[in-house]
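Notes for the structure review
So the chains spell out like this:
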Amino acid sequence: MEYFKHLFTNISNFIRAMSPSQAIMLIGVIAGVIVGAMVMTNWVSSVSYSALYSNLEASEAGEISEYLTEQNIPFKLSDGGRTVSVPSGDVYKVRISLASHGLPRSGNIGYSIFDQSNLGMTEFLQNLNFRRALEGELMRTIMQLSDVQAARVHIVMPKDRLFAKDQKEATASVVLKLKNPSGLSKSQLAGITHLVASSVEGLKPENISIIDYNGNLLTSQSESDVLAGLTSSQLEVRKNVEGYLEKKAQSMLDGVIGRGKTIVRVTAELDFQQVETTSELYDPNSSVIRSEEKTEETKQMADKTEEVNESTDDSRVESSITNYEINKTVEHIINSVGNIKRLSIALLVDGIYKEVEGEGGGTELVYEPRSQEDIDRLSAVVKNAVGFDGDRNDQIEVMNIAFDNSSMQFEQDKLDQIYKQEFYYEIARKVGMVLLAVVAFLYLRKKVKKLFMSLGRIVSTTPQGKTAASAAAGGEGVNRDVPVVEPEKRQPKLIDQMQGAAKDRPEELAKVIKTMMIDEVGS
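Residues numbered from 1 in each chain as written. Predicted model: local features only at pLDDT ≥ 70, side-chain atom pairs only at ≥ 80, totals over all residues. Heavy atoms only, no water.

This next bit is on the nonpolar core. Of all hydrophobic cores here, the largest spans 24 residues; its most connected members are I142, L176 and V196. Of all the secondary structure elements, the ones that give two or more residues to this core are α5 (123–143), β4 (148–156), β5 (170–178), α6 (186–199) and β6 (203–212). Setting aside anything within four residues of it in sequence, one finds L176 in contact with I142, V148, A150, A151, L184, I192, I210, I211, D212, Y213 and L218. The next biggest cluster of nonpolar side chains, apart from the first, holds 16 residues, and it includes V266, A268, L343 and V386. (Core = buried A, V, L, I, M, F, W, Y, C linked by side-chain atoms within 4.5 Å. Buried < 20%, exposed > 50% of the residue type's maximum accessible area, 1.4 Å probe, protein only. Helix = DSSP H or I, 4+ residues; strand = E, 2+ residues; numbered from the N terminus. Contact = heavy atoms within 4.5 Å.)

Encoded structure:
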């Protein structure tokens with residue numbers, strides 16, 4: 001510290017000894033060195049940029065900029081944010097890195113391939129371009145999903161056959177590169193499958209395969225099986241029904257006797273058989289004439305035995321046919337699927353714990369079972385909550401048993417201990433910060449005070465060489481204002497006080513010495 005103090009003092013004295021022209025020259029040299037250093041630094045650090053991609057969409061430019069920022073790669077945006085530039089030496093390396101992440105996404109071929117007209121294109125090339133365009137559009141759409149980083153789509157569209165039995169079905173395969181290693185959910189996979197199936201004519205969802213970049217099959221063959229899919233949906237419906245009923249019963253019990261005092265489990269047997277019934281009912285008591293047919297026939301016969309006597313015989317025949325229509329009722333009934341056939345309910349109820357004085361004078365918790373009346377009330381609450389029906393042969397089992405809360409109590413004590421430790425640690429940390437701030441303030445205050453005192457001494461002190469030079473130059477008529485150097489004031493020590501007393505009061509000092517000599521002789 002003393003070295004820097006003397007160095008600062010010498011520099012200050014040197015500057016004061018300089019003439020105004022010399023001081024101006026020194027300032028100009030220092031400024032020139034600083035400006036030259038800045039120019040050299042900018043020239044050395046200047047980097048030439050080259051266009052990485054141009055004519056980008058705003059979303060794609062944002063994704064590329066975000067990736068470059070994460071990789072700490074310098075870049076510039078121009079042309080309204082549509083052109084991204086990077087250092088010239090890193091263009092190809094950055095392009096390869098972005099391509100591995102599926103960027104930019106607009107590089108895929110889409111329906112824009114038909115913007116270029118080619119008169120000599122054959123039907124085969126037109127179909128091929130159409131398939132490529134369809135694959136590219138599906139790739140763009142799938143890559144818009146938040147969990148998909150890159151995608152490839154391959155579609156096989158068979159030729160039309162003359163006979164239907166010879167016609168083959170269209171197939172497709174999708175390759176996905178996912179952002180999260182956890183993968184996609186079943187609903188997301190089903191959405192991608194139906195998206196591709198709905199975009200290609202004649203493509204069925206069961207003919208679509210989805211895999212990831214590691215070759216793992218994401219869509220299983222069991223999902224395309226009707227029976228397997230139905231069984232999976234049945235199990236899902238059953239879980240939802242049981243969970244819904246358990247939640248209803250548990251919420252009511254928690255409100256009655258408290259949380260953690262009861263456990264409810266419900267097993268639901270559902271009817272998934274779909275029955276269609278068609279019946280025709282006839283009512284014999286109600287008849288309506290639908291049609292009626294009447295036939296009348298007349299016959300006339302003459303018997304002439306003599307010329308004078310002649311007899312005639314007339315015969316008439318009538319017939320009637322009447323058709324009646326009986327009322328008929330036709331019923332077509334389809335039973336609903338997923339009806340509850342039977343419920344099995346299990347209910348565990350904890351008892352009552354009372355505090356009892358122990359032998360050592362402390363309190364202990366003693367378990368007491370609940371009364372049968374309370375058990376019946378709780379059973380009735382659960383029955384009403386889940387819709388218990390004895391006609392369906394529903395069953396309920398209620399058991400009053402003591403719960404094992406030892407592990408819960410251990411965890412609670414452990415959490416309380418952790419909370420206390422964190423509480424005391426937080427208090428100690430705050431107190432330490434306050435003490436550290438106080439110590440730092442006092443230390444800085446002391447150092448600042450010493451700094452100002454040193455600066456005051458430097459300003460008020462003049463070198464001896466300069467004083468002598470000023471005295472010598474005084475005869476030549478050069479008048480300069482030289483500050484007067486005052487000796488440093490210090491506190492008087494014991495020796496200084498004795499010397500001052502000897503000079504001021506010698507008689508008293510002689511008496512003191514004489515007294516000391518007499519005491520020494522007498523002893």
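Next comes the rest of the write-up.
We now examine the pattern of salt bridges. Counted by the stated rule, this structure contains 10 salt bridges. Residue E137 is joined to R140 by a salt bridge in which the shortest nitrogen-to-oxygen separation is 3.9 Å. You can see E137 and its partner R140 sitting in helix α5, three residues apart, about one turn around the helix. Exposure remark for E137: the relative accessible area of 22% places this residue in the partly exposed category. In this structure, R429 and E426 form a salt bridge, with 2.5 Å as the shortest nitrogen-oxygen distance. Taken as a pair, R429 and E426 lie in helix α9 (residues 406–460) at a separation of three residues, close to a single helical turn. (Salt bridge = Lys/Arg side-chain N within 4 Å of Asp/Glu carboxyl O.)

Chain-level pLDDT for the protein chain is 77 on average; 77% of the residues reach the 70-or-more range. Within the protein chain, the element-level pLDDT minimum falls on helix α10 (residues 464–474), averaging 45, and the maximum on strand β13 (residues 395–400), averaging 92. Predicted confidence is poor over residues 461–485, with pLDDT under 50, and the contacts of this stretch with residues over four places away or in other chains come to 10 contacts. (pLDDT = per-residue confidence, 0-100.)

A full pass over the atoms with the stated rule returns two aromatic pairs. One cation-aromatic arrangement involves K383 over F388; the distance from NZ or CZ to the ring centre is 4.9 Å. (Phe/Tyr/Trp six-rings, centres within 6.5 Å; stacked < 30°, edge-to-face > 60°. Lys NZ or Arg CZ within 6 Å of the ring centre and 35° of its normal.)

A separate point is unusual backbone geometry. The backbone phi angle of N72 is positive, close to 55°, even though this residue is not glycine. One can find N72 in the loop between α3 (58–70) and β2 (76–78). Exposure remark for N72: the relative accessible area of 69% places this residue in the exposed category.

Below, the discussion takes up α5. Side chains that are three or four residues apart share a direction in an α-helix, a result of its 3.6 residues per turn. Over its 21 residues, α5 extends 30 Å from the first C-alpha to the last, a length consistent with the 30 Å expected when each residue adds 1.5 Å. By the burial criterion, the buried members of α5 are N129, A133, L134, E135, G136, L138, M139, I142 and M143. Structurally, α5 contributes buried residues whose contacts are with β4, β5 and α6. (Expected span 1.5 Å × (residues − 1).)

Within strand β3 (residues 83–87), five of the five residues are buried, which leaves the element mostly enclosed by the surrounding structure. Note: strand β1 (residues 49–53) against β3, four bridges, orientation antiparallel. When the bridges of β3 are listed, S50 appears paired with V86. Relative to β3, β2 is paired through three bridges, and the arrangement is antiparallel. Note on β3: the bridge partner recorded for L77 is V84. (Pairing = 2+ DSSP bridges.)

As a further point, take the sheet that holds β5. The sheet built from three strands is open, its strands ordered β4-β5-β6 with mixed pairing. In this open sheet, the two strands that pair with only one neighbour each are β4 and β6. Pairs of neighbouring strands in the sheet enclose a mean axial angle of 20°, with direction left out of account. Sheet analysis places β4 next to β5, joined by eight bridges and oriented antiparallel. Its bridge partner lying in β5, H154 is registered against S173. Sheet strands in contact with α5 are β4 and β5, and its direction is about 155° off that of β4. (Axes fitted to C-alpha atoms, helices over the stretch in contact; angles between N-to-C directions.)

A few words now on helix α8 (residues 372–386). Between its terminal C-alpha atoms α8 stretches 21 Å, which fits the 21 Å expected from 15 residues at 1.5 Å a residue. Those residues of α8 not exposed but buried are I375, L378, S379, V382, A385 and V386. Each buried residue of α8 sits inside an arc of 125° when the element is viewed along its axis, so together they form one side. Facing away from the buried side of α8, by more than 90 degrees, are the exposed residues R377 and N384. (Arc of directions from axis to C-beta.)

Let us look at the environment of E276. In this structure, E276 sits in strand β8 (residues 276–304). C-alpha separation for the pair E276 and I333, spaced 57 residues apart in sequence, amounts to 5.5 Å. If we skip the residues at most four places from it in the chain, E276 touches H332, I333 and I334.

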